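# What the coordinates show
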Amino acid sequence: MTAPLLDIEGLRIEVERTGAAVVDDVSFQIRSGEFLAVVGESGSGKTVAARAVLGLLPPGLRRVSGRIVLDGKDLAKVSPKHLRALRGPAVGMVFQEPMVSLNPAISVGRQMAEGLSLHLRLPRQEIRARCLDMLARVQIRDPAHTFDAYPHEFSGGMRQRIMLASVMLLKPKLLIADEPTTALDTLTQREVLDLMVDLARDHGTSVVLITHNLGLVARYAQRAVVMQQGRLVETGAARQILSAPQQVYTRQLVEALPRRTTGAVRRSAGELLMSVSGLKVEFGGRRRFFQRKPGMRAVDGVDLDIHAGETVAVVGGSGSGKTTLGRAMLRLIPSAAGQVRFRGKDVPAVADRDFRLSSQLVFQDPYSSLDPRMRVGDIVAEPLRHVTGLSAGDRAKRVDRMLDEVGLAGFGGRWPHELSGGQRQRIAIARAIVRDPLFVVADEPVSALDMTIQAQVLKLFERLQVRYGFACLFISHDLAAVEQVADRVVVMQGGRIVEQGSRDDIFDRPQHDYTKALLAAAPVLDFGKPDEQRVRA
Amino acid sequence: MKIRANTAIGGFLIGVLVATAVTAAFWTPFDPLRVNLRARLQPPSALYWLGTDEFGRDVLSRTMAGAGTSVTVAFLTVAFAVVIGAALGVVTGYVRGWTDRVIMAVNDALLAFPGILLALGVMIVVGANKFGIVLALGLAYIPSVVRVVRGTVLSIREKEYIEASRVIGNSEFYSMARHVLPNSLAPVAVLATSMFGWVLLAESALSFLGLGVPPPAPTWGNMLASSRPYMESAAWLSIAPGLCIALTLLGINLLGDSLRDRLDPRMAHG
């Protein structure tokens, strides 16, 4: 066997000030042309470990011990100048956030050319030709135009392709991709990753994919490294790790993947609770003096019924209008046309008291949905202001019970910043449920959370729903979560509903092409065991 | 709780200041207004610790007596500007639309005037007395408070907890007062402490132009202003009030910083 391309041994990285280990005794190798996944939750040190290869540690962190050998050279003994020369031609990196990893003030072409002109001495024409070739290779429609365009003209998926193109231009031996598709929707995610694999194969590049998504590991990686709190938990063949995890933590991760609850739809649908017809929402329309310029239709004529106690999931790619639909149904944003009926009564454009008090919203980002200057107990108590005939004692009791219900008994006196993301989301859920609503819109409630936390929060949500019997509009791009919680599924594309049906119908017998594409793009863990169902990740 | 050096030094300076002002209300070494032409421009001595001014009045007594006036005027002015400015800023940033456009148009017009000119105009209308100064300087400083608050409010109003408040069924006014306002005040605390200094100086500028607190009542501002011709021959006249202004500013700034940190739950444990 040949020597590995990259050999990390006993790597330890500390916080300079406190000496706390961020990465502790981590060793792994990657061979030439191999696809390795580094898996872990936030705080596991996976990003820091990978960045150490390039010598790009965030300020305040320091490598204490360990060897990083790239292609026979020990990077610890290499001068910073030499290390800089390695970045690009030897090791390339693609970052998570395509919206901010390209410089908005420089044209795409110049950014791509930067690496080439820095590391290779080539005539301008040659550089341009190579860039155009590469842009065509990553399936950008009009390379010549793209070359002179600026980053803001492109969507997240396109930018990530441009990023990939500019990194691969230098034909690096090793490509480090740090959650490259986390900010993208499922369809785009698949396109970008497929491209990455193709390019890597063409150039013989090894890939380190840093991810929290086990589905991607199953689909793309040959080997996987599992990390937890800075330590290496398990390494081995990707299939092996996923189908027969040896360590407790790895098993937890695999088990945390959402699964379809066995049996058909959980409850028979109750009475008709909400009914939306012909709903349209427009953005950016401008009234001029005499004519009205039509805006972008985010929601374009949606009809939807929701029955008491059921969970209706809305799925679709980014820009499909699913978030807008949720807000418009709650009458939080003005709609251009259409009706919202709640319990047989028409809800006016400015929601009436009855509807406002019986509907609630759970947000995606638990970091911005809680007022940082209010204690947790006060946050949960706030909706009770509008419940009449409740004494201060009753109110406190109800808040305590609710906190207990979401597993955070005794947290009332804490501040939001003292809680983790998962705990914050529990508080947000408690706030939504405390007034016993009939209808809850949950807008990507678990997308911002770690895998194991996602599973806990989803389970909590389901339990609360059984207990309190509210109907839920579950907005998500995460098909796995949808498969676990939904009774019915609505598929949206371009502001319209293209297909709706029971969960099993949509997942097992999709009719519309867009639904099929969505399902195909979602990676699946399939271990080929007859007694175990397929798990979507 | 651990008390930081900031808080300790700031607290000490302001404590001394308040103690002085209170003492001066009952007792000063000499009557700050008594003219004694035989003791004109005496340098500091055992009798007159900080010397005497051009009318033979005791500088120490006048500095002590001026502390109350100067600091009261500055404090009231800042309070007035911050309360009105923050209220307008929150409303204009939160409500947007026509309200925003009208308030900001007036505000920007006021901002275009030099503050002191604006204050002069107001002083001429309301007359030269303590409350005239508070009103005049307050009005002159409101526009910058409005600008700063509106800027923060524009970002705060897009936060999801504001939408959450709306979903709960809270009125717009309640959301503004309970969620938007407290979260928009951190930059105001910083602005207010620096404003305190500007006001102390602006008051002296007004006095210099003959529109401040009318003589013979002492303020640090008018003491500083009247000491100007004697800068070379009797430097002690300007040193005493000047040093007082400087130390007060230092104290207020230190205290303001620690107050801002203390009020923010995210910083309170640092």
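Treat the numbers as computed from the prediction; the structure is a model and nothing was measured.

From N to C terminus, chain A includes 19 helices and 24 strands. For chain A, the C-alpha atoms occupy an extent of roughly 75 × 60 × 50 Å along the three principal directions. Burial analysis of chain A (537 residues in total) assigns 54% to the buried set. Pairs at least 24 apart in sequence give 70% of the contacts found in chain A among residues at least 6 apart. Approximately 23700 Å² of chain A is accessible, and the part contributed by carbon and sulfur atoms is 49%.

So, about the domain arrangement of chain A. It is common to report an interface's size as the accessible area lost on association of the parts. Residues and elements named next belong to chain A. One can read the domain layout of chain A as domain 1 (6-256) and domain 2 (272-283 + 296-536). Spacing between the C-alpha centres of domain 1 and domain 2 amounts to 34 Å. Counting residues at the interface gives 20 residues for domain 1, matched by 20 residues for domain 2. Summed over both partners, the interface of domain 1 with domain 2 comes to about 1800 Å²; 63% of that surface belongs to carbon and sulfur atoms. Counting across the domain 1 and domain 2 interface gives zero salt bridges. Sorting elements by how many residues they give to the side of domain 1 that touches domain 2 places helix 8 (residues 214-220) first, with five residues.

We now examine the sheet that holds strand 21 (residues 488-493) of chain A. All names here are of chain A. Pairing in this open sheet of six strands is mixed, and the strands run 18-19-20-15-21-22 from one edge to the other. On the outer flanks of this sheet lie strand 18 (359-362) and strand 22 (496-502), each paired with one strand and no other. Between one strand and the next, the sheet's axes are offset by a mean angle of 15°, whatever the strand orientation. Direction of pairing for strand 15 (residues 311-315) relative to strand 20 (residues 471-475): parallel, over a ladder of four bridges. Across the sheet, the residue bridging to A313 is F474, located in strand 20. Taken strand by strand, helix 16 (residues 451-468) contacts strand 15, strand 18, strand 19 (439-443) and strand 20, and its axis lies near 155° from that of strand 20.

With that settled, consider the pattern of salt bridges. Residue and element names in this part refer to chain A. Tallied over the entire structure, the rule returns 32 salt bridges over all chains. Ionic pairing is found between D24 and R231, a salt bridge with its closest N-O pair at 2.9 Å. Residue D24 is found in strand 2 (residues 21-30), and its partner R231 is found in strand 10 (residues 231-237); the two are separated by 207 residues along the sequence. Residue class for D24 comes out buried when judged on its relative accessible area of 16%. The partner of R161 in a salt bridge is E191, and the shortest N-O contact between them spans 2.8 Å.

Every contact between the two is made by 21 residues of chain B and, on the other side, 27 residues of chain A. It is E160, V167 and I168 of chain B that lose the most area in chain B upon contact with chain A, and together they represent 30% of the buried surface on that side. Connecting chain B to chain A are one salt bridge. Residues E163 of chain B and R327 of chain A are paired through a salt bridge, measuring 2.6 Å at the closest nitrogen-oxygen approach.

Right, let's talk about unusual backbone geometry for a bit. All names here are of chain A. A positive phi is found at Q229, a non-glycine position, where the angle reads about 45°. One can find Q229 in the loop between strand 9 (223-228) and strand 10. Residue classification places Q229 among the exposed positions, given a relative accessible area of 65%. For D436, which is not glycine, the phi dihedral falls at a positive 60°. Mapping D436 onto the fold places it in the loop between helix 15 (421-433) and strand 19. Overall, D436 belongs to the partly exposed group, its relative accessible area being 42%.

All names here are of chain A. Residue position: D185 is located in the loop between strand 7 (174-178) and helix 7 (186-203). Look at D185: it is buried, it has no salt bridge, and the nearest opposite charge is K322 at 6.8 Å. Here the side chain of D185 touches T188 through a polar contact of 2.8 Å, side chain to side chain.

What follows covers the nonpolar core. Residues and elements named next belong to chain B. The biggest cluster of nonpolar side chains holds 55 residues, and the ones touching the most others in it are L137 and M195. Element by element, the count of residues in this core is highest for helix 5 (residues 130-156), at twelve residues. Not counting chain neighbours up to four residues away, the residues in contact with M195 comprise V78, A81, V82, Y141 and V145.

Below, the discussion takes up helix 8 (residues 186-208) of chain B. Its 23 residues give helix 8 of chain B an end-to-end C-alpha distance of 34 Å, which sits within 8% of 33 Å, the value for a rise of 1.5 Å per residue. Backbone geometry just downstream of helix 8 of chain B places G210 of chain B in the positive-phi region, at approximately 80°.

Space left empty within the atom packing is revealed by a probe, the size of a water molecule, rolled over the atoms. Following the criterion strictly, the structure yields eight cavities of 30 Å³ or more and no others. In this structure, the largest cavity occupies an estimated 80 Å³ of space. For the largest cavity, the full set of lining residues is D53, E54, R57, V59, R62, N222, M223, S226, S227 and L237 of chain B. When residues of the lining of the largest cavity are traced back to their parent elements, those giving at least two are helix 2 (59-95) and helix 9 (220-226) of chain B. Looking at the lining of the largest cavity, the element that brings in the most residues is helix 9 of chain B, giving three residues. Residue classes in the lining of the largest cavity are distributed as three nonpolar, three polar and four charged. In this structure, the second largest cavity encloses a volume near 50 Å³. Lining the second largest cavity are L6, I8, F28, V38, K46, A49, A50, V53, I176 and V208 of chain A. When contributions to the lining of the second largest cavity are tallied by element, the ones reaching two or more residues are strand 1 (6-15) and helix 1 (46-54) of chain A.

All names here are of chain B. At a closest axis distance of 9 Å, the pairing of helix 5 and helix 7 (residues 172-184) adopts a crossing angle of 125°. If you check the angle between helix 5 and helix 7, you find them oblique. Handedness of the crossing formed by helix 5 with helix 7: right-handed. Residues T152, V153 and I156 of helix 5 pack against V180, N183 and S184 of helix 7. For the contact of helix 5 with helix 7, the class distribution of residues is three nonpolar, three polar and no charged.

With respect to the helices and strands, the residue T248 of chain B is situated in helix 10 (residues 236-263). Setting aside chain neighbours within four positions, we find T248 of chain B in contact with I14, L17, F196, L200 and W220 of chain B.

Reading the values: rules and limits
Residues numbered from 1 in each chain as written. Chains lettered and ligands numbered in written order. Predicted model: local features only at pLDDT ≥ 70, side-chain atom pairs only at ≥ 80, totals over all residues. Heavy atoms only, no water. Helix = DSSP H or I, 4+ residues; strand = E, 2+ residues; numbered from the N terminus. Buried < 20%, exposed > 50% of the residue type's maximum accessible area, 1.4 Å probe, protein only. Contact = heavy atoms within 4.5 Å. Areas by Shrake-Rupley, 256 points an atom, 1.4 Å probe, with all protein chains shown as cover. Domains from an automatic or database assignment. Buried area = accessible area lost by both parts, 1.4 Å probe. Salt bridge = Lys/Arg side-chain N within 4 Å of Asp/Glu carboxyl O. Pairing = 2+ DSSP bridges. Axes fitted to C-alpha atoms, helices over the stretch in contact; angles between N-to-C directions. Lys, Arg positive; Asp, Glu negative; His and termini not counted. Polar contact = N/O pair within 3.5 Å; in protein donor to acceptor, adjacent residues only side chain to side chain. Core = buried A, V, L, I, M, F, W, Y, C linked by side-chain atoms within 4.5 Å. Expected span 1.5 Å × (residues − 1). 1 Å grid on protein atoms, 1.4 Å probe; cavity = no way out; pocket = protein on both sides within 12 Å on 5 of 7 lines; lining within 4 Å. Points joined across faces, edges and corners; volume = space filled by probe spheres on them. Nonpolar A, V, L, I, M, F, W, Y, C, P; charged D, E, K, R; others polar. Parallel < 35°, antiparallel > 145°, perpendicular 65-115°, else oblique. Left-handed = near helix turned anticlockwise from the far one by under 90°.

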